[in-house]
Structure formats: C-alpha cells, structure tokens
Amino acid sequence: MTNNENVRRITIFDTTLRDGEQAPGCSMNPQEKLEVAKRLEKLGVDIMEAGFPASSPGDLESVKTIAGVIRNCTVAGLCRSREKDIDAGREALARAVSPRLHIFLATSPIHMEYKLKMTADQVVEQAAAAVKYAKKFCSDVEFSAEDASRSDPDFVCRVFGAAIAAGATTVNIPDTVGYAMPNEFGGLVRYIKEHTPGGEKVKFSVHVHNDLGLAVANSLAAIQNGADQIECTINGIGERAGNASLEEIVMALRVRKDYLHIDTRLDTTQIYGTSRLVSQVTGVKVQPNKAIVGDNAFAHEAGIHQHGVLANRATYEIMTPESVGISKNQMVLGKHSGRHAFEDRLKDLGLSVDAQTLETVFAEFKNLADKKKVVSDRDIEALVMGASASVPETWKLDHWAVNTGSALGASGTIRLQHRDGTFQKLVSMGDGPIDSIFKAINQIIGKEPELELYELGAITGGSASQGETMVKISYQGRHWNGRGVSTDVVESSIKAYISAINAMEWELTPLASGQEGAAQK
Ligand code: KIV
Ligand code: ZN
C-alpha cells in the first residue's frame, strides 16, 4: 500500500473549453460553456482553459463570463505570441480570482519555415518578448512550444530558457500532432526538464494529441518522467483525433497509485456527470466501449463474468462505477415518486439546479412518468439538460401536426410563439414529416439555416424510451447545436431544431454577446 506522503500530486489543466471546443462539431454556446466551466470547477480541475479570447469577440465574452464566475480554480486564456492577443487575454481574465495567460509559439523546423516564416533566433526573441509583455499584467504565465515533439530538443530548451528568463512560470511541451511514442516522449520530457536553463524554477507541462491513439499513454509516460502538469479534455474531445482524455488519465493515476505514486486532487465521483454534460452540449456521443465513461465500461455481458461479479465485484472490476460517479441506485422512479425522491436522485447524479429550474424539471418529470412506467437516470439527466443549459427562447413550440404516408408527400403544421408574445402558424410540404416541419419553421423565422447534422437516438432501450435528437445547423458561416427530447420522435426533432434556432437567434442578436447574456447568470 502507498503511504500518502510518498504520493506526488500533479496538476490537471483542462482544455475542454478551448482545444476541445475548437474541434469540428464540438462548438458550445456561451451558456453551455459556463455550465461546463461550473462542472469542471466542481470536478476539481486545477486550471481550466476557458478559450482563446483573441479568436473572436464571442470567445472573449465567454472567457470573461467564466472568469467572473469561477472561484476555485485558475482560469487560463490562450494567446498567440502577439501583444494584441495578450491584450484580449488580459481583458478577458480581468475578473478572474486566479488568472493565467497561456502564450504559444511553434518551435519545429516545419512550423517555423512554412507557417511562421521566422528564423530560430526570431522565435526565441518573440517568445521572450511575448512572455515579458504578458508578465506586466499577470504573474502566472505559461509558455507552450507548439509542435515540441517534432522540434530539436536543444532548441526547445533554448526557447524555454528565454521564456523563463522573461517570467514564464510554467513551460509546456505539446505533442501537437500526436506523433510521439510513449518511451520517446517520456525521454524528451526528462531531457528538456534537465537541460532547460532555469527549469528548476518552473512547472513542466505536457499537452498531447491522440492521432495515433497514444495521448493517454504519452501523458502517463511524461508524468513518470517528471511532468508536473497534464493538459487534457473531458471525453478526449479536441482537434482531429482529440486530446488526452482527462478521465482516463485521472483514473489511471487513482487506480494505480500503488504503482505510480502519483495522484490528482480531483473528485472522481464528478467524472461521469461532467462527461455526460460535455457530450450533451456538444452533441458528440461517447463511444460505448470508451474507458471509464462509455456505456459498456462497467457492463458485464458474459455469463462467467456476471457470475464472478455477483460473487465479488473485484473479479472483473478494477474500480467501482460509483468511484467515477455512475449511480447504481436501483430505486425506480415513476409516477408515484415524490419531489423528495426526485431531488435525492438529482443529488446522486451530481446535478444541481436552482429552485426555478427544479420546478420546471419536476413538472416535466411528472409528465414523462405519466407516459413511461419507469423514468431512468438518463431521462432525468436529459430533462435537466434541456431546462438548464439553454439560451433565452426567441421561439417556443406551441403545437405541431404532421400528415404523412407512403403514397402522399408529407405536410407539417407548426405554431410557434415569439418572445414578444405573438403566435405564428404555418403549413409546409416536404420530403417527409421532419423536412416539412423544418421548412415551415424556416419560413416563420425568415432564415434558411443549413442542417448539417440530424441524429436521432433513444435515451434508453425499449419502445417506451424517449427519443433524443441532436441537430447542428449553420448560417452565415457560424454553427449551432440543438438537442431535443420527447417520447415522440417528431417532437424531439422539432425541439432540437428550435433549440438550435434559438441559439442562433440569440447569438445574432446584438445584445446577446454582451451585457444581457452575462447579467442573466
Ligand atoms: O496542440 C497544441 O500544440 C496546442 C497548443 C496551443 C498548446 O493546442
Ligand atoms: Zn492542442
């Protein structure tokens, strides 16, 4: 057994809201980002990278909002090595209790020659100048050598030395393109740590992508070779094949503390809820066999395994579902369940809602329980998500009807209520019920967003299951997600489409990105 005094604690730097969110199909609206940020704080990450403030006014605003709300962890903003980016970063982080400016510049020959068109000396100079400028506004400055794993290690040491002399407090070694092998990457981290001038004064971080499926293995190798900080994302979302998955790293450390003697400060029972939230708001499903948080991660199908688990769970389980926040509460909730039991289940699921949302969700739960005999944890999660992470509703569904059949085309009728209180009704023909209704909605709102993705699934098994629809729409080069849940699949589709439309309308409203949105919270 491990004596706690011998356990080294490493820092978890979560970049779900920056590297995760910038991946195609993973975008979140400002309210969703704030929900995720609060959940990451509850999970206990040490640092959350809330965005890339100079990348867009929307990103700056949402980093600003998050920085104003999060109190128990450091909030970081990513900046290129330019004064303009650093100015946006410091503006965004002005209200943070513990701000960090994260500056990056590429150091590999291919990036310096083709992307930056800079010489090695210019890169050293620009890195140092950027850190020096950032340091004027923030004591906590991280410098990342982008594409470090394909850079000359001695050159990385030189750039880091200059960054440290200029005031960097953390230096980060990214495997930007997921190219490294675990032993090789571990060796690189050790080498850079031992040969960087001033390295003893700073923290060493790694940031690994998953192009060869090695992001977690490389991160663990880095930790074993002295890395103090790991950059990772929930569900491993991120550019291309994603980033190192937070839940896999954290649970590998927790489960094998006996071997590694390393741990984090995270409350692992918050992992599952955070994973579900990120999946719900991005619309990116978690693969069933995904370690730690996949639907099958704790399922035992083979008879011999089931027999073993019934006799003693440790026969086939190296960690308990409860340790990652998967509730094994078997008490069934249905139409006779009262508010008390419902609130208890919310607590078990790690879902916290304000009093007003609780009223809405409890009423929806009762409605659902009238239609379904048993309301599952997934159903409850879906109700909470639907009620709490949405933007103000420009359009509300009043009622709908469809007429369809194999010989006829389909027609859809929809009546929507605008936030000004007026109602609008329209009938449209289409290629199937969903198409006809979506066309009618487009005519009412006077815009024709492109439907980039439409995905229909069931929350639980069985014909009484609720249908869950995810849509992604784009309009004028911008993208929004929507999600809808109902026991009727046409209605879940309509709700998903309207929620994406509302996200779009909200962001396209001049006030949305400013005060009104922030003041809501
Ligand atoms: O992958 C990468 O190199 C990055 C840096 C900005 C840290 O995301
Ligand atoms: Zn990255």
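Residues numbered from 1 in each chain as written. Chains lettered and ligands numbered in written order. Predicted model: local features only at pLDDT ≥ 70, side-chain atom pairs only at ≥ 80, totals over all residues. Heavy atoms only, no water.

A. Looking closely at the overall build of the protein. Scanning the protein from N- to C-terminus turns up 19 helices and 16 strands. Relative to a compact globule of 521 residues, whose C-alpha radius of gyration would be 24 Å, the protein shows 25 Å and is just as compact. The C-alpha extent of the protein, read off along each of the three principal axes, is 75 × 60 × 45 Å. The 521 residues of the protein split such that 55% are buried. When contacts within the protein are restricted to residue pairs at least 6 apart in sequence, those whose partners lie at least 24 apart make up 66%. (Helix = DSSP H or I, 4+ residues; strand = E, 2+ residues; numbered from the N terminus. Rg over C-alpha atoms; globule rule 2.2 N^0.38 Å. Buried < 20%, exposed > 50% of the residue type's maximum accessible area, 1.4 Å probe, protein only. Contact = heavy atoms within 4.5 Å.)

B. Region of interest: the coordination of the zinc ion (ligand 2). At the metal site, the zinc ion (ligand 2) is ligated by Asp 19 (OD), His 207 (NE2) and His 209 (NE2), and these contacts range over 2.0 to 2.1 Å. Sequence positions of the donors to the zinc ion (ligand 2) reduce to the motif D-x187-H-x1-H. Here Asp 19 is found in helix 1 (residues 16-20), whereas its partner His 207 is found in strand 8 (residues 203-208), with 188 residues between them in sequence. You'll find Asp 19 and His 207 in the same group, each marked buried. (Donors = N, O, S within 2.8 Å, 3.2 Å for Na, K, Ca; no water.)

C. Looking closely at the packing of aromatic side chains. As enumerated under the stated definition, the model contains nine aromatic pairs in all. Both rings, one in Phe 438 and one in Tyr 497, keep their centres 4.0 Å apart while their planes meet at 5°; by these two values the pair is stacked. Linking Phe 438 in helix 17 (residues 433-445) with Tyr 497 in helix 18 (residues 489-508), this pair joins segments that are 59 residues apart in sequence. Site record: aromatic cluster; members linked through ring pairs are Phe 143, Phe 160 and Phe 204. Positioned over the ring face of Phe 137 is Arg 90, at 3.8 Å from the centre of the ring. The aromatic ring of Phe 423 is capped on one face by Arg 415, whose charged end is 4.1 Å from the ring centroid. (Phe/Tyr/Trp six-rings, centres within 6.5 Å; stacked < 30°, edge-to-face > 60°. Lys NZ or Arg CZ within 6 Å of the ring centre and 35° of its normal.)

D. View of the sheet that holds strand 13 (residues 423-430). Ordered by their spatial adjacency, three strands build an open sheet running 11-12-13, and the pairing between neighbours is antiparallel. Looking at the sheet topology across the chains shown, the edges are occupied by strand 11 (395-403) and strand 13. Each strand axis lies, on average, 20° off the axis of its neighbour in the sheet, ignoring direction. Note: strand 12 (residues 410-418) against strand 13, eight bridges, orientation antiparallel. Within strand 13, the position partnered with Gly 412 by the bridge is Ser 428. Lying over the sheet, helix 18 contacts strand 11 and strand 12, oriented at roughly 145° with respect to strand 11. (Pairing = 2+ DSSP bridges. Axes fitted to C-alpha atoms, helices over the stretch in contact; angles between N-to-C directions.)

E. Molecular detail of unusual backbone geometry. Of note in this structure, Lys 117 is not a glycine but carries a positive phi near 55°. With respect to the secondary-structure elements, Lys 117 resides in the loop between helix 5 (109-116) and helix 6 (120-135). The exposed category is assigned to Lys 117, whose relative accessible area is 65%. In the Ramachandran plot, Gln 476 falls in the positive-phi region, its phi being about 50° despite a non-glycine side chain. Here Gln 476 is to be found in the loop between strand 15 (467-475) and strand 16 (478-486).

F. Highlighting the domain arrangement of the protein. Domain assignment breaks the protein into domain 1 (9-282), domain 2 (298-327), domain 3 (330-388) and domain 4 (395-513). A C-alpha centroid distance of 24 Å is found between domain 3 and domain 4. Contact with domain 3, which involves nine residues of that partner, is made by eight residues of domain 4. In total, domain 3 and domain 4 occlude about 660 Å² of area from one another, counting both sides; carbon and sulfur atoms represent 57% of this. Counting across the interface, domain 3 meets domain 4 through zero salt bridges. Our count for the domain 3 to domain 4 interface comes out at one residue pair in polar contact (both at pLDDT 80 or more). At the level of elements, helix 15 (355-371) and helix 16 (377-388) are the ones that each hand at least two residues to the side of domain 3 that touches domain 4. (Domains from an automatic or database assignment. Buried area = accessible area lost by both parts, 1.4 Å probe. Salt bridge = Lys/Arg side-chain N within 4 Å of Asp/Glu carboxyl O. Polar contact = N/O pair within 3.5 Å; in protein donor to acceptor, adjacent residues only side chain to side chain.)

G. Layout of the packing of helix 2 (residues 30-43) against helix 12 (residues 271-282). In contact at an axis separation of 10 Å, helix 2 and helix 12 are set at 165° when each is read in the N-to-C sense. Relative to helix 12, the element helix 2 lies roughly antiparallel. Classified by chirality, the crossing of helix 12 by helix 2 is left-handed. In this structure, helix 2 contributes Glu 32, Glu 35, Val 36, Arg 39, Leu 40 and Leu 43 to the contact, and helix 12 contributes Ile 271, Gly 273, Thr 274, Leu 277, Val 278 and Val 281. Residue classes in the contact of helix 2 with helix 12 are distributed as seven nonpolar, two polar and three charged. (Parallel < 35°, antiparallel > 145°, perpendicular 65-115°, else oblique. Left-handed = near helix turned anticlockwise from the far one by under 90°. Nonpolar A, V, L, I, M, F, W, Y, C, P; charged D, E, K, R; others polar.)

H. Seen up close, helix 7 (residues 153-165). Taking 1.5 Å as the rise per residue, helix 7 with 13 residues should run 18 Å; its terminal C-alpha atoms sit 18 Å apart, in good agreement. For helix 7, the complete set of buried residues consists of Phe 155, Val 156, Cys 157, Val 159, Phe 160, Gly 161, Ala 162, Ala 163 and Ile 164. Considering only its buried residues, helix 7 is in contact with helix 5, helix 6, strand 6 (141-146), strand 7 (170-175), helix 8 (182-195) and strand 8. Two to three positions downstream of the cap, the backbone nitrogen of Asp 154 sits 3.0 Å from a side-chain oxygen, assigning the N-cap of helix 7 to Asp 152. Positive backbone phi, at 125°, marks Gly 167, one or two positions downstream of helix 7. (Expected span 1.5 Å × (residues − 1).)

I. Quick peek at the layout of surface pockets. Computed from the structure, the second largest pocket encloses a volume of approximately 760 Å³. Residue lining of the second largest pocket: 33 residues in total, with Glu 21, Ser 27, Met 28, His 479 and Glu 507 positioned closest to the centre. Elements supplying a minimum of two residues to the lining of the second largest pocket: helix 1, helix 2, helix 3 (57-69), strand 16 and helix 18. Across the lining of the second largest pocket, the residue classes break down as 10 nonpolar, 14 polar and nine charged. (1 Å grid on protein atoms, 1.4 Å probe; cavity = no way out; pocket = protein on both sides within 12 Å on 5 of 7 lines; lining within 4 Å. Points joined across faces, edges and corners; volume = space filled by probe spheres on them.)

J. Geometry of the side chain of Asp 263. Of note, Asp 263 is situated in strand 10 (residues 262-263). By relative accessible area, Asp 263 is classed as buried at 9%. Contacts of Asp 263, omitting those with residues within four sequence positions, involve Val 7, Arg 8, Arg 9, Ile 10, Leu 253, Arg 254 and Lys 257.

K. Examining the confidence of the model for the protein more closely. Here the protein averages 91 in pLDDT, and 94% of its residues register 70 or above. Confidence drops under pLDDT 50 across residues 513-521; counting only partners more than four residues distant or on other chains, this segment forms 12 contacts. (pLDDT = per-residue confidence, 0-100.)

L. Expanded view of helix 12. Its 12 residues give helix 12 an end-to-end C-alpha distance of 17 Å, which sits within 8% of 16 Å, the value for a rise of 1.5 Å per residue. Where burial is concerned, most of helix 12 is hidden: 12 out of the 12 residues are buried. Regarding helix 12, the residues found buried are Ile 271, Tyr 272, Gly 273, Thr 274, Ser 275, Arg 276, Leu 277, Val 278, Ser 279, Gln 280, Val 281 and Thr 282.

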